[in-house]
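Residue-level structural notes
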Amino acid sequence: MLENPHNWAGNYTYTATRLHQPTSVEQIQELVTRCTKLRVVGSRHSFNAIADSTEDMISLANMPRIIEIDHEHSTVSVDGGITYGQLCPLLDQAGYAIHNLASLPHISVAGACATGTHGSGDHNGNLATAITAIEFVRANGELVTISRVQDGDLLNALAVGLGAFGVITKLTLAIEPTFAVQQEVYEKLPVAQLEAHFDSITSSAYSVSLFTDWQNDTVNQVWLKRKLADGAAREVEPAFFGATLAPTDRHPIVELSADPCTRQMGIPGTWYERLPHFRIDQTPSAGEELQSEYFVPRQHGLAALQAVAQLREQIAAQLMISEIRTVAADELWMSQSYLRDSIGIHFTWKRNWPAVQQVLPQIEAKLAAFEVRPHWGKLFTLAPELVQARYPKRTAFRDLVQSYDPQGVFRNSFLDTYLFGTG
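Calculation rules
- Residues numbered from 1 in each chain as written.
- Predicted model: local features only at pLDDT ≥ 70, side-chain atom pairs only at ≥ 80, totals over all residues.
- Heavy atoms only, no water.
- Pairing = 2+ DSSP bridges.
- Helix = DSSP H or I, 4+ residues; strand = E, 2+ residues; numbered from the N terminus.
- Axes fitted to C-alpha atoms, helices over the stretch in contact; angles between N-to-C directions.
- Contact = heavy atoms within 4.5 Å.
- Salt bridge = Lys/Arg side-chain N within 4 Å of Asp/Glu carboxyl O.
- Buried < 20%, exposed > 50% of the residue type's maximum accessible area, 1.4 Å probe, protein only.
- Polar contact = N/O pair within 3.5 Å; in protein donor to acceptor, adjacent residues only side chain to side chain.

Pairing is antiparallel in the open sheet, where five strands are placed in the order S4-S5-S9-S7-S8. Bordering the open sheet on either side are strand S4 (67-70) and strand S8 (143-147), each of which pairs with just one other strand. The mean angle between the axes of side-by-side strands here comes to 15°, regardless of whether they run parallel or antiparallel. The pairing of strand S7 (residues 131-137) with strand S9 (residues 167-174) spans six bridges and is antiparallel. Considered in S9, the bridge of Phe-136 is made with Ile-168. Sitting on the sheet, helix H2 (residues 84-93) is in contact with S4, strand S5 (75-79) and S9, with an inclination near 40° to S4.

As structure tokens, then:
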């Protein structure tokens with residue numbers, strides 16, 4: 001049995017019997033060639049079985065840190081076990097930034113990219129869109145490198161790879177000059193204003209997040225993250241489309257302390273201190289929650305939100321908060337934003353799976369007409385055939401997985417169900 005058999009939230013118990021923590025690529029290659037079933041576990045921030053294995057798991061947390069900056073090509077190469085919290089301060093010290101970050105900086109870079117994790121912003125792709133090269137150990141122990149320059153669309157196939165191709169030992173990411181961001185929070189945005197000015201609201205800052213409990217005709221909070229070209233603070237307006245400026249820093253759940261949250265009130269900070277919602281040096285919560293997220297094409301965004309709002313009574317008892325974000329379209333085969341600008345509708349639930357399990361099908365039924373795609377690392381109950389049908393490149397992706405891993409070393413129940421249709 002694993003010493004710690006649970007994920008971050010404690011809602012999932014891994015079935016793997018052995019956890020390996022290699023310290024070199026050679027050790028990874030040796031493990032891969034002798035294991036018959038193997039999966040990589042990152043920061044354990046997935047809420048479902050995607051990282052699980054019936055036999056062996058690998059954690060790359062003890063691998064030597066790699067942070068290699070290529071100034072000529074504006075990239076950074078990092079090891080497969082690094083987290084954004086470990087990478088970002090050092091990258092910033094060198095004068096660089098990543099285009100965007102998720103709400104939590106505590107997650108592993110490889111794991112976040114493999115599941116299509118994202119931040120927000122009309123023009124910001126998910127975190128995997130920063131990948132320019134991947135180095136991984138495939139099922140036969142061979143060390144493989146795939147780059148955008150050399151391999152083109154093959155990198156698009158592997159970037160959101162669901163852990164299906166092997167053990168990622170190195171990622172190369174596009175970087176840009178460091179930049180400053182200021183953050184402001186506005187409260188009680190009238191839903192009528194959101195419906196009338198949706199595009200203007202989501203495009204009003206580099207990154208925009210809407211937090212709602214769906215219970216009123218107002219959106220609880222709007223978080224605006226403004227990129228500052230010269231680093232100087234912009235004037236903070238007292239109102240925003242009918243919402244009023246919060247008088248102090250806020251937590252997305254207003255009853256909770258804002259201490260773990262990134263600074264607001266228009267105070268400038270470097271990119272990694274503002275783009276996430278939670279601070280690197282703080283634990284955002286004890287993990288006593290469940291999460292779900294659904295993506296719909298942007299053109300259906302307002303209709304999808306209106307459909308979910310019809311379930312406010314059913315949602316109320318189990319919901320902690322919802323977050324609505326925008327994600328730019330990309331060409332990554334298994335990305336939730338593949339070939340479509342998207343709206344992500346996120347739910348943070350109380351940790352009561354039997355009750356949440358009753359609510360999710362109702363939400364999914366409301367979103368069915370909008371070509372919904374679920375987040376790969378969160379909880380959903382959509383039928384496997386519906387999930388498969390949402391990805392035009394699913395068959396090509398499956399065939400590519402089989403070519404790299406013909407014996408199914410890296411396959412598990414999750415991939416069998418949602419990729420291969422045999423679970």
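Counting across every chain of the model gives 18 salt bridges. Put simply, Lys-170 and Glu-68 hold a salt bridge, and the shortest N to O gap is 3.8 Å. In this pair, Lys-170 sits in strand S9 while Glu-68 sits in strand S4, placing the two residues 102 residues apart along the sequence. According to the relative accessible area criterion, Lys-170 is partly exposed, its value standing at 21%. The partner of Glu-142 in a salt bridge is Arg-138, and the shortest N-O contact between them spans 3.5 Å. On the accessibility criterion, Arg-138 (16% relative accessible area) is buried. By sharing partners, the salt bridges in this structure join Asp-122, Asp-199 and Arg-298 into a single network.

Within the secondary structure, Met-63 is located in the loop between strand S3 (56-59) and S4. For the pair formed by Met-63 and His-106, sequence separation is 43 residues and the distance between their alpha carbons is 17 Å. Setting aside residues up to four positions removed in sequence, Met-63 forms contacts with Pro-22, Thr-23, Ser-24, Val-25 and Ile-28.

Attention now goes to the side chain of Asp-79. Checked against the element boundaries, Asp-79 lands in strand S5. From its side chain, Asp-79 meets the backbone nitrogen of Gly-81 in a polar contact 3.0 Å long. Polar side-chain contacts of Asp-79 include one of 3.0 Å to the backbone nitrogen of Ile-82. Filtering out sequence-adjacent residues up to four positions away, Asp-79 remains in contact with Pro-64, Arg-65, Ile-66, Thr-169 and Lys-170.

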